[in-house]
Amino acid sequence: MKRYFRASMLLMGLLFVQSTTALAQCPIKEQIMNSDSEGDSGSSASRTEQNSPTSHTLIIFFDKKTGNKPLMKAIKKQGCTLLYKYKEFSGVAVKVDEKHDVDKAIADIKKVKGVTSVNKDGIMQTQ
């Protein structure tokens, strides 16, 4: 019985050491997880400042059957710059010219045949 008790205590000790080691290896996770609850205003203020400017990058998805030709014509007509083609997702990333209104560009691109969705590029968080 003592042998089983010692073995279980040894295993519990090893589990405790491993969990402590995992926390020590990932200090950035602790900083991210605790920044909102502890009121770490320095890092949360900088995150807010980064997200506040209007993103001029749009992520556009289109219907695979229709193809991307009508969309590419609309992108050129809008004066947008093609940043990336998502082959697996039937989508593209474009940058709207700084002089143009992003919301107007979104409304115009949504009207293009075959476009399924248009979103501003950004970071989304789940609760």
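In what follows, the structure referred to is the one given above.
How each quantity is defined
- Residues numbered from 1 in each chain as written.
- Predicted model: local features only at pLDDT ≥ 70, side-chain atom pairs only at ≥ 80, totals over all residues.
- Heavy atoms only, no water.
- Buried < 20%, exposed > 50% of the residue type's maximum accessible area, 1.4 Å probe, protein only.
- Helix = DSSP H or I, 4+ residues; strand = E, 2+ residues; numbered from the N terminus.
- Pairing = 2+ DSSP bridges.
- Axes fitted to C-alpha atoms, helices over the stretch in contact; angles between N-to-C directions.
- Contact = heavy atoms within 4.5 Å.
- Arc of directions from axis to C-beta.

1. A look at the pairing of strand β1 (residues 57-62)
The buried fraction of β1 amounts to 5 of the 6 residues, a majority that puts the element mostly inside the structure. Both β1 and strand β3 (residues 91-95) contribute to a ladder of 5 bridges, which runs antiparallel. Of the residues in β3, the one forming a bridge with Ile-60 is Val-92. Of the strand pairs in this sheet, β1 and strand β4 (residues 115-120) are connected by 5 bridges, and their pairing is antiparallel. Bridging from a neighbouring strand, Leu-58 pairs with Lys-120 of β4.

2. A closer look at the sheet that holds β1
Spatial ordering of the open sheet is given by β2-β3-β1-β4, a layout of 4 strands whose pairing is antiparallel. The open sheet terminates on both sides in strands that have one partner only, identified here as β2 (81-86) and β4. Strand-to-strand twist of the sheet, defined as the mean angle between neighbouring strand axes without regard to direction, takes the value 20°. In the packing of helix α5 (residues 102-110) onto the sheet, the strands contacted are β1 and β4, and the crossing angle to β4 comes to about 170°.

3. Some points on the environment of Ala-74
Here Ala-74 shows up in helix α4 (residues 69-78). Take Ala-74: its relative accessible area is 14%, and that puts it in the buried class. Put simply, Ala-74 and Val-112 are 38 residues apart on the chain and 7.2 Å apart in space, counted from C-alpha to C-alpha.

4. What to know about the side chain of Thr-57
Relative to the helices and strands, Thr-57 resides in strand β1. Assessed through its relative accessible area of 16%, Thr-57 is described here as buried. Among all residues touching Thr-57, those that are not within four sequence positions of it are Leu-83, Val-94, Lys-95, Asn-119, Lys-120 and Asp-121.

5. Describing α4
Residue pairs three or four apart in sequence face the same way in an α-helix, which turns once every 3.6 residues. Taken as a whole, α4 has its buried residues at Leu-71, Met-72, Ala-74, Ile-75 and Gln-78. Buried positions in α4, seen along its axis, are confined to an arc of 160° and lie on one side of it. Exposed residues lying more than 90 degrees from the buried face of α4 are Lys-69, Lys-73, Lys-76 and Lys-77. Of the surrounding elements, those touching the buried residues of α4 are β1, β2, β3, α5 and β4. Within two residues after α4, Gly-79 carries a phi angle of roughly 80°, on the positive side.

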